[in-house]
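For reference, the chains in residue letters:
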Amino acid sequence: MFIKENFKMALDSIFANKMRSFLTMLGIIIGIASVIAILAVGNGAADEITTTFSELGATTISLNANDPDQSGDLITNDDLNVLKDSIEEIRYISPNEQMNGTVSSEDEARQTVVSYGTPDLQFVSQMMSSTLVEGRYFNQVDFDEAQDVAVIDEDGADALFGRVDVVGEMIRVSVAQSQMNLRIVGVVEGSFADMQGAFDTSQIPLFVAMPHSTLSNQVPQLAGMDSVIIEVETTEQIDPVSSQVVRLLELRHNSVGDNVYNATNFLQALDQVNNVLSLFINFIAAVAAIALLVGGIGVMNIMLVSVTERTREIGTRKALGATTRTILIQFLMESIILSLIGGMIGLTIGIILSNIIAGALNIVPIFTMGSVALVLVFSTAVGVFFGIYPARKAANLNPIDALRFE
Amino acid sequence: MIEITDIEKIYKMGGETVKALNKVSLSIQEGEYTSIMGPSGSGKSTLMNILGLLDRFDSGRYMLNGTDVSGLSDSELAKIRNKEIGFVFQSFNLMARMNVLENVMLPLVYGKVPYKERRERAIEALEKVGLGDRLEHLTNEISGGQKQRVAIARAIVNRPSVLMADEPTGNLDSKTTLDIMRIFQELNSEGTTIVMVTHEPEMAKYSKRIVHFRDGVIIKDEELTPELLPEREVE
Ligand SMILES: Nc1ncnc2c1ncn2[C@@H]1O[C@H](COP(=O)(O)OP(=O)(O)O)[C@@H](O)[C@H]1O
Ligand SMILES: [Mg+2]
């Protein structure tokens, strides 16, 4: 039997009963459309999250020391210098810690968040902009000599002094019951520059950054660190650098194998988020697959009706020389084409639907060749699986019984 | 060509058994035009279905063109039906969604004949039954007599060795009945072997031989000189 004739016959019989064929396909259309929409929107969301995370820190390692007795000497400023000198891939290394306190000029006192670290703090901290508008950031010399210097942002300068060119002015910072007089060496871009007038910024704490060494001298209980941020050049360096850092610290602190240090990164967190997300996507897709299953049962039902209705036709075809196999292929072809057309309509609706949903969620839907292939394979499979029983029923009819059927 | 010996066919309905054919023996030669007559329920259709390889029998022997058909598989039987036997049914049994030409081409599709040849042969067969100008019509757009002529074209398109017709004019009026009888005579005069079931002597008189049936047995087998119908006038 020629494929072309079979194909035409299947189409003829599908189009002869347009409404019925459409209703039969409905389950498949709904199933495929939901699967496509869920996959496209889900993948779009996953991609959005990945991009956001990567911008945040695809090259960032977060090093933590497990310090149950708060000894505070598991990571020292010396360690940071040694790490930076001996591991070439490390671009920046700094603790990134904050303390709440107050900051005052002669005229004004305000709540503040004090960030402290190495001069690399400017590159690893998300707290303050690293774009200078006045002066300079505190540098290695300031750090090594524990100079009493600080960097504030434009908003802080404005709040304390009423102007921005405040390099050389003194501020008084108090944290943990200790007071420090610090000289401003630089002013960075204001954090709320673009929110001017939006709301009362006087209630928002100011931002101050200073060398960790200076703070350690003045406030000995803050000398220790238990977490450090390390920036490397590329994502690929994250794993090797992480293990080098941990090994070196273990050697320096005689704690090999004690599991004191561990290095994590955003990518691991990202993996976790993506795992949860894909679990969720798969769950919803499974629910949609049940709709497909119901659609398949619909196909089987209609094919069974069709076989009964066309019993005499089948008998006639057999009288004219159709074999069991020919009839089997004819009916199987019909259910496959029915499912495939349903799948195509579902695919189209799914694409439209995911653009609407993704538009509302402000993400870009992602259609993979995989999901299109999935639709084709799945609808064909539904057609074969649910078509085989009715087709066999038709094919195995005895010619004379079929011809006599009323 | 057709040679059956002691064919028996038994139907079981619940507890009852009906012997539809009781040791029937019959032989039909190439070029014959045979009518099978008998009252309703006498076993004519049962015999026809067995001769046409649509049904199996319980005992006896059936040789078709020298082949014992009782040992053949379903698909071998399908192939023989396609190549050697042309059927004309009382209720036409045309494919409703196909046009006239496609209906006639269908046996050639199953016979794996390429499209071009299929079309040529189907048109040739349709011209033979006087429907060369109705190729694209759907089967619900033509009259009963025309439908049966399409069915005849379909039956002869694969040049079978025998044409089998079970009450072919049962659903037709007397004028179209004569048209069909005329076509049968023409086909037979060109060499087609025909076996026709009928219960009307009016029809049987156009054939060359009448086999009389009653209660599953042949009661009379007569040769006759057929009454010739006039040539078909051009429509
Ligand atoms: N499928 C069947 N099941 C049971 N009995 C049948 C069946 N087909 C025919 N018969 C019986 O076999 C006998 C012969 O039937 P049939 O060959 O159709 O007769 P005819 O064509 O001469 O009218 C009848 O008694 C009929 O009732
Ligand atoms: Mg009958």
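Residues numbered from 1 in each chain as written. Chains lettered and ligands numbered in written order. Predicted model: local features only at pLDDT ≥ 70, side-chain atom pairs only at ≥ 80, totals over all residues. Heavy atoms only, no water.

If you tally the helices and strands in chain A, you get 13 helices and 11 strands. Against the 2.2 N^0.38 benchmark of 22 Å for 406 residues, chain A shows a C-alpha radius of gyration of 35 Å, more extended than a compact globule. Its C-alpha atoms give chain A principal-axis dimensions of roughly 110 × 55 × 35 Å. Within chain A, the fraction of its 406 residues that count as buried is 47%. Of the contacts made within chain A by residues no fewer than 6 positions apart, 78% connect residues no fewer than 24 positions apart. For chain A, the exposed surface amounts to about 19500 Å²; the carbon and sulfur share of it is 58%. Of the side chains in chain A, 21 bear a positive and 45 a negative charge, and the two mean positions are spaced by 29 Å. (Helix = DSSP H or I, 4+ residues; strand = E, 2+ residues; numbered from the N terminus. Rg over C-alpha atoms; globule rule 2.2 N^0.38 Å. Buried < 20%, exposed > 50% of the residue type's maximum accessible area, 1.4 Å probe, protein only. Contact = heavy atoms within 4.5 Å. Areas by Shrake-Rupley, 256 points an atom, 1.4 Å probe, with all protein chains shown as cover. Lys, Arg positive; Asp, Glu negative; His and termini not counted. Charge placed at Lys NZ, Arg CZ, Asp CG, Glu CD.)

Here we take up the overall build of chain B. Along chain B, the regular secondary structure elements total seven helices and 10 strands. Radius of gyration (C-alpha) of chain B: 18 Å, near the 18 Å computed for a compact globule of 235 residues. In terms of its C-alpha atoms, chain B occupies a principal-axis envelope of roughly 50 × 40 × 35 Å. Taking all 235 residues of chain B together, 55% fall into the buried category.

All names here are of chain B. Taken together, the four strands give an open sheet; going across it, the order is S2-S1-S4-S5, and neighbouring strands pair in antiparallel fashion. Because the sheet does not close on itself, it has two edges, and the strands there are strand S2 (16-28) and strand S5 (67-68). Pairing analysis gives two bridges linking strand S4 (residues 59-64) to S5, with the strands arranged antiparallel. When the bridges of S5 are listed, Met-63 appears paired with Asp-68. Contacting strand S1 (2-13), S2 and S4, helix H1 (residues 44-51) crosses the sheet at an angle of about 120 degrees to S1. (Pairing = 2+ DSSP bridges. Axes fitted to C-alpha atoms, helices over the stretch in contact; angles between N-to-C directions.)

A few words on the pattern of salt bridges. With the rule as written, the count across this model stands at 27 salt bridges over all chains. As a salt-bridge pair, Lys8(A) and Asp12(A) come within 3.1 Å of each other at their nearest N and O atoms. Within this pair, Lys8(A) and its partner Asp12(A) are both found in helix H1 (residues 3-16), separated by four residues, close to a single helical turn. Between Asp74(B) and Arg56(B) there is a salt bridge, and its shortest N-O distance comes to 3.0 Å. (Salt bridge = Lys/Arg side-chain N within 4 Å of Asp/Glu carboxyl O.)

Within the structure, ligand 1 sits among 13 residues, and Arg404(A), Gly41(B), Lys44(B), Ser45(B) and Thr46(B) are positioned closest to it. Nearby residues place ligand 1 at the junction of chains A and B. Within the backbone of Lys44(B), an N or O atom sits 2.9 Å from an oxygen atom of ligand 1. The fraction of the free accessible surface of ligand 1 (560 Å²) that becomes covered by protein chains is 69%. (Near = heavy atom within 4 Å. Polar contact = N/O pair within 3.5 Å; in protein donor to acceptor, adjacent residues only side chain to side chain.)

So, on to a nonpolar patch on the surface. Residues and elements named next belong to chain A. A cluster of nonpolar side chains, contributed by Met-19, Phe-22, Leu-23, Leu-26 and Ile-30, occupies part of the molecular surface with about 470 Å² of accessible area. Residue placement: Leu-26 occurs in helix H2 (residues 18-57). In this structure Leu-26 comes out as partly exposed when scored by relative accessible area, which is 31%. (Patch = residues over 30% accessible without salt bridge, like charges linked within 9 Å, V, L, I, M, F, W, Y side chains within 5 Å.)

Residues and elements named next belong to chain B. The terminal C-alpha atoms of helix H6 (residues 174-189), which comprises 16 residues, lie 22 Å apart, in line with the 22 Å expected from a rise of 1.5 Å per residue. When you tally the buried positions in H6, you get 12 out of 16 residues, the bulk of the element. Listed in full, the buried residues belonging to H6 are Thr-176, Thr-177, Asp-179, Ile-180, Met-181, Arg-182, Ile-183, Phe-184, Gln-185, Glu-186, Leu-187 and Asn-188. Looking at the buried positions of H6, the neighbouring elements they touch are strand S3 (33-37), helix H4 (115-128), helix H5 (144-156), strand S7 (162-166), strand S8 (193-197) and helix H7 (201-204). The backbone nitrogen of Lys-175 has a side-chain oxygen 3.2 Å away, supplied by the residue at the start of H6, namely Asp-173. Directly after H6, the chain includes Gly-191, whose backbone phi takes a positive value near 115 degrees. (Expected span 1.5 Å × (residues − 1).)

Another aspect to go through is unusual backbone geometry. All names here are of chain B. Despite not being glycine, Leu-53 shows a phi value in the positive range, around 60 degrees. Relative to the helices and strands, Leu-53 resides in the loop between H1 and S4. Taking the relative accessible area as the measure of exposure, Leu-53 reaches 5% and is therefore buried. Of note, the phi angle at Arg-159 is positive, near 50 degrees, even though the residue is not glycine. Counting through the fold element by element, Arg-159 comes out in the loop between H5 and S7. The exposure class assigned to Arg-159 is exposed, which follows from its relative accessible area of 54%.

The subject of this paragraph is the packing of helix H9 (residues 266-309) of chain A against helix H11 (residues 324-361) of chain A. Residue and element names in this part refer to chain A. Look at H9 against H11: their axes get within 11 Å of each other, and the N-to-C directions meet at 140 degrees. The two elements H9 and H11 meet at a crossing, and its hand is right-handed. Contact residues: Val-299, Met-303, Ser-306 and Val-307 in H9; Phe-331, Glu-334, Ser-335, Leu-338 and Ser-339 in H11. Counted by class, the contact of H9 with H11 contains five nonpolar, three polar and one charged residues. (Left-handed = near helix turned anticlockwise from the far one by under 90°. Nonpolar A, V, L, I, M, F, W, Y, C, P; charged D, E, K, R; others polar.)

Every contact between the two is made by 26 residues of chain A and, on the other side, 24 residues of chain B. Where chain A abuts chain B, roughly 2200 Å² becomes buried across the two surfaces, and 59% of that area is made up of carbon and sulfur atoms. The interface formed by chain A and chain B includes three salt bridges. Remark: the boundary between chain A and chain B carries nine residue pairs in polar contact (both at pLDDT 80 or more). Listed by contribution, the elements that provide at least two residues to the side of chain A that touches chain B are H1, helix H10 (311-319), H11 and helix H13 (399-404) of chain A. Looking at side-chain class alone, the side of chain A that touches chain B contains 10 nonpolar, seven polar and nine charged residues. (Buried area = accessible area lost by both parts, 1.4 Å probe.)

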